Amino acid sequence: MSQTAATADKGYTAARERPPSSVAGPVAWLRTNLFSSWLSTAVTLLLGYLILRVVISFISWALLHAIWSVPYNAQGQPDTSACIDARGIGACWAIIGNKYRLILFGRYPYAEQWRPAICVVLFLALYVVSAIRAFWRPVLVLIWIAALAVIGVLMWGGTLGLRYVPEDEWGGLPITLILATFGLAFAFPLSVLVALGRRSRTLPAVRMLCVLYVELIRGVPLIALLFMASVMFPLFMPEGVNVNKLLRAQIAIILFAAAYLAEVVRGGLQALPKGQAEAADALGLSYWQKTGVIILPQALRLVIPPLVNTFIGFFKDTSLVLIVGMFDLLMMGKVALSDPPWQSFSTEVYLMLAVIYIAFCFAMSKYSRGLERELGRAHRR
Amino acid sequence: MSQTSVTEHIIPHMVDTNKPPVIILDKVNKWFGPLHVLRDVSMTVAEKERVVVCGPSGSGKSTMIRCINRLESHQEGRIIVDRTELTDDLRSLDTIRSEVGMVFQSFNLFPHLTILENCTLAPIWVRKMPKAAAEDVAMSFLTRVKIPEQAKKYPGQLSGGQQQRVAIARALCMRPKIMLFDEPTSALDPEMIKEVLDVMIELADSGMTMVCVTHEMGFARQVADRVVFMDRGEIVESGRPEQMFGEPRTDRLKLFLSQILRGH
């Protein structure tokens, strides 16, 4: 029987096609991983019971006993007594239905909120396009510039018959996406330059400057940097010159993120064997050719996990701009909860915010793992 | 074609002594920190000459060969390659590097590029060759090192001997005037050394100027016009291979030969 499935060369032991079924398959997997001994069986059963309890009570709270809407009186005030009665038993999703536009778009004029909505969709489209490797060519830069211009026009308005909306009235998800997208899109190239500068052997002045930049910026909390940008920076500007608050916070985030990313990138540069640079040198490639074609593609691939780690961290850190009076997504959740009838339903609002943040962060992490795998296929050693 | 691999025929000398040398090292000194690694190293290499450099580890032979295309910079003395003196001037450096091919002990292929891309990279970026032409050149050299069928693979999928042959083809694609080999077979499993040496012997046969750091004495005997023995950063002895291996003059060379021959 083994002869049919085996490939036998004369004089060699025949190879069999698969290991015996007692060590493969789902039943074997369960036995080795969950029920290998009486202790592990006991732990499996106990944990299984606990998980089941939590899941069941969450479903009961979030779905079965949830209150989806509440009646409104003649003045438009909600009557939340049903929700208050159900506290601890069922979720009050009515608050989301009542407040979602405030949370997502902040104080942007209510009638104009289709504009930030389109912007959010544009941002998402931009991410998807950038994630597809077929678009990794110079035209992508043009796509970005075009998309960001459209977003600017939509948000500010003032042309094409759109009402002008100053950025003080912006808020919610668009603010978070603007700060995160611009922040990382500018910080990443800057960080690569800083990392390269920090390793330069021929330009000691540049190296010193890069070390100084990284150490200074990294040594300061982001909150302090945001404060400096919004409070101290205007003091140094001449009378009448007014750089707007959003831009100032944006620059602070870019500078801060770049300092962190630069160290991540430097780690990748250091991990690369010296022979790679030497081989490129020996072939006569110039510094920028060597860096762009040989060094960076390999170094950046090596640091995808810590790079994405930092990206995710900064996506969430954008919520710190609330300290300088900007209304990002998280801050808008707080604002929504300050409305007296809804004050006691923070769990529901924060759950919704968590779902939004998780969706973005999970997408980043999932994409990075796919990218790593795809690039790794070509890199087997 | 000549029979290169099986019979150990001695490749005839092609050196024209009337022509000026293509590599001149004139009292070259180099230090790594307090360590004096090259001490008054002087030698010349003529066009089409094949020089084998040998010596114990730490003798400075790799450092010397790396100075010739300035992967290391020397601190005293002069190095003149193809009538250009090596200085800190970047433009002349890029010119020299594109004229001098180098093969490393650890291959140093670019793992994120295919074999073909490894070979076409420098011709396209440095020589500004059109992609199709560069690929033709690359395929012809890959055929010469007997692995054209691997062109679409990545370096990690090849054996050590194949990788080193690709590295030789990659260097040849730049059509260098001089080839430097820095212990090209030292990182290879024994059964793969021969396939790399065969390629190098064929290259020698074609009249390439070669400077080769190696411990392969059979190769030196068959190919070298001249063997240079280095020890502790200086050139101790140099001469024709049969004279160097047959009747060494210095005790240091005698000791070295007895040490490496014991291993064979």
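What counts as what
Every chain is numbered on its own, with residues counted from 1 as its sequence reads. As they are written, the chains are lettered A onward and the ligands numbered 1 onward, keeping that order. Thresholds applied to this predicted model are a pLDDT of at least 70 for local features of residues and 80 or more for the giving and counting of side-chain atom pairs; totals over whole chains, interfaces and linings are not thresholded and use all residues. Heavy atoms throughout the structure, all of them, feed into the side-chain values; hydrogens and water do not. Each helix corresponds to a stretch of at least 4 residues labelled H or I by DSSP, and each strand to a stretch of at least 2 residues labelled E; elements are numbered beginning at the N terminus. Throughout, radius of gyration means the C-alpha value; the globule benchmark is 2.2 Å times the number of residues raised to the power 0.38. A 1.4 Å probe rolled over the protein chains alone gives each residue an accessible area, and that area as a share of the maximum for its type sets the label: buried under 20%, exposed over 50%, partly exposed in between. For this analysis, residues touch if any pair of their heavy atoms sits within 4.5 Å. We get accessible surface area from the Shrake-Rupley algorithm with a probe of 1.4 Å; when it comes to residues, only the shown protein chains can shield them. Only four residue types enter the charge count: Lys and Arg as positive, Asp and Glu as negative, with His and the chain ends excluded. Here the site of a charge means NZ on Lys, CZ on Arg, CG on Asp, or CD on Glu. Summary of the metric used: pLDDT quantifies the predictor's per-residue confidence within the range 0 to 100. For this analysis, a polar contact is any N or O atom pair within 3.5 Å, provided that within protein one partner can donate a hydrogen and the other can accept it, and provided that sequence-adjacent residues contribute only side-chain to side-chain pairs. Note on definitions: salt bridges are taken to be side-chain nitrogens of Lys or Arg within 4 Å of carboxyl oxygens of Asp or Glu. Each pair of aromatic rings taken from Phe, Tyr and Trp, with Trp reduced to its six-membered ring, is defined by centres within 6.5 Å and is described as stacked if the planes are under 30 degrees apart, edge-to-face if over 60, and tilted in the remaining cases. The source of the domain bounds is an automatic or database domain assignment. As used in this record, nonpolar core signifies buried Ala, Val, Leu, Ile, Met, Phe, Trp, Tyr and Cys residues forming a set joined through side-chain atoms within 4.5 Å. Here the quantity called buried area is the accessible surface, traced with a 1.4 Å probe, that two parts lose on coming together, added over both. Paired strands, in this sense, are two strands between which DSSP finds at least two bridges. Axis definition: a line fit to C-alpha positions, over the contact stretch in the case of helices; interaxial angles, taken between N-to-C directions, run 0 to 180 degrees.

**Observations concerning the overall build of chain A**
What chain A contains, in helices and strands, is 16 helices and 0 strands. Taken over C-alpha atoms, the radius of gyration comes to 28 Å for chain A, far larger than the 21 Å a tight globule of 381 residues would show. Dimensions along the principal axes, computed over C-alpha positions, put chain A at roughly 95 × 65 × 40 Å. Looking at chain A as a whole, 41% of its 381 residues qualify as buried. Nonlocal contacts in chain A, meaning residues at least 24 apart in sequence, comprise 72% of its contacts between residues at least 6 apart. A total accessible area of about 21900 Å² is found for chain A, and carbon and sulfur atoms account for 68% of it. Across chain A, the mean location of the 32 positive side-chain charges is 11 Å away from that of the 19 negative side-chain charges.

**Some details on the environment of glycine 207 of chain B**
All names here are of chain B. Position of glycine 207 among the secondary structure elements: in the loop between helix H6 (190-205) and strand E8 (209-213). Taking the C-alpha atoms as reference points, glycine 207 and isoleucine 11, 196 residues apart in sequence, are found 9.8 Å from one another. Residues within four places of glycine 207 in sequence aside, it is in contact with Met14 and Lys48.

**Structural notes on the confidence of the model for chain B**
Taken over all residues, the pLDDT of chain B has a mean of 88, while the share at 70 or more is 95%. Taken together, the stretch residues 1-7 of chain B has pLDDT below 50 and engages in 11 contacts with residues farther than four places along the chain or on a different chain.

**So, the side chain of aspartate 225 of chain B**
All names here are of chain B. Along the chain, the position of aspartate 225 falls in the loop between helix H7 (217-223) and strand E9 (226-231). A relative accessible area of 7% means that aspartate 225 is categorised as buried. From its side chain, aspartate 225 meets the backbone nitrogen of arginine 50 in a polar contact 2.7 Å long. Sequence-distant contacts of aspartate 225, that is, excluding residues within four places in its chain, are made with His13, Val15, Lys48, Glu49, Arg50, Arg240 and Pro241.

**With respect to the pattern of salt bridges**
By the definition in use, this model includes 27 salt bridges over all chains. Arginine 66 of chain B is paired through a salt bridge with glutamate 278 of chain A; the nearest N and O atoms lie 2.6 Å apart. Here arginine 66 of chain B, found in helix H1 (residues 61-68), pairs with glutamate 278 of chain A, found in helix H12 (residues 274-282), and the two come from separate chains. We classify glutamate 278 of chain A as buried; its relative accessible area is 11%. In this structure, arginine 240 of chain B engages glutamate 242 of chain B in a salt bridge whose closest nitrogen and oxygen atoms are separated by 3.0 Å. Taken together, the shared-partner salt bridges connect Arg198, Glu215, Arg218, Glu263 and Arg266 of chain A into one network.

**So, the packing of aromatic side chains**
Residue and element names in this part refer to chain A. Across all of its chains, the model carries 14 aromatic pairs over all chains by this definition. Judged by centre distance (6.5 Å) and plane angle (35°), the ring pair of tryptophan 68 and tryptophan 93 falls under tilted. A residue pair is termed long-range when its members are at least 10 positions apart, and tryptophan 68 in the loop between helix H3 (38-64) and helix H4 (81-85) and tryptophan 93 in the loop between H4 and helix H5 (94-105) qualify at 25 residues. Residue tryptophan 93 is classed as buried on the basis of its relative accessible area of 18%. Ring-pair connections join several aromatic residues into one group, and the members of that group are Phe58, Trp61, Trp68 and Trp93.

**Things to note about the domain arrangement of chain A**
Assigned domains of chain A: these are domain 1 (23-64) and domain 2 (110-380). Computed over C-alpha atoms only, the centres of domain 1 of chain A and domain 2 of chain A are separated by 40 Å.

**Things to note about the nonpolar core**
Counting 130 residues, the largest nonpolar core has Ile294 of chain A together with Leu25 of chain B as its most contacted members. Here this core gets 14 residues from one element, more than from any other, and that element is helix H11 (residues 245-271) of chain A. Here isoleucine 294 of chain A is in contact with Gln276, Ala280, Leu285 and Gln289 of chain A together with Phe110, His112, Leu113 and Leu121 of chain B, once residues within four sequence places are set aside. Among the nonpolar cores identified, the runner-up in size contains 52 residues, and Val137, Met192, Met200 and Phe219 of chain B belong to it.

**Some remarks on the interface of chain B and chain A**
The interface of chain B with chain A comprises 25 residues on the first partner and 21 residues on the second. Interface area, chain B with chain A, both sides summed: about 2000 Å², of which 63% is carbon and sulfur. Looking only at chain B, the three residues that lose the most surface to chain A are Phe110, Pro111 and His112 of chain B, adding up to 27% of its buried area. Joining chain B to chain A, the criterion identifies 2 salt bridges. Here arginine 97 of chain B ties to aspartate 281 of chain A by a salt bridge, and the two come within 3.9 Å at their closest N and O atoms. Inspection of the region where chain B meets chain A yields 6 residue pairs in polar contact (both at pLDDT 80 or more). Within the residue set of the side of chain B that touches chain A, elements represented by two or more residues are helix H2 (90-99), strand E6 (100-103) and helix H3 (115-125) of chain B.

**A few points about the sheet that holds strand E2 (residues 35-45) of chain B**
All names here are of chain B. If you trace the 4 strands from one edge of the open sheet to the other, you get E2-E1-E4-E5, paired in antiparallel fashion. Because the sheet does not close on itself, it has two edges, and the strands there are E2 and strand E5 (84-85). Sheet analysis places strand E1 (residues 23-32) next to E2, joined by 7 bridges and oriented antiparallel. Its bridge partner lying in E2, isoleucine 24 is registered against threonine 44.

**What to know about the sheet that holds strand E7 (residues 178-182) of chain B**
All names here are of chain B. Pairing is mixed across the open sheet formed by 6 strands, whose spatial order is E6-E7-E8-E3-E9-E10. Only two strands of the sheet have a single neighbouring strand rather than two, namely E6 and strand E10 (234-239). Pairs of neighbouring strands in the sheet enclose a mean axial angle of 20°, with direction left out of account. In this fold H6 packs onto strand E3 (50-54), E7 and E8, with an angle of close to 150° to the strand it touches most, E8.

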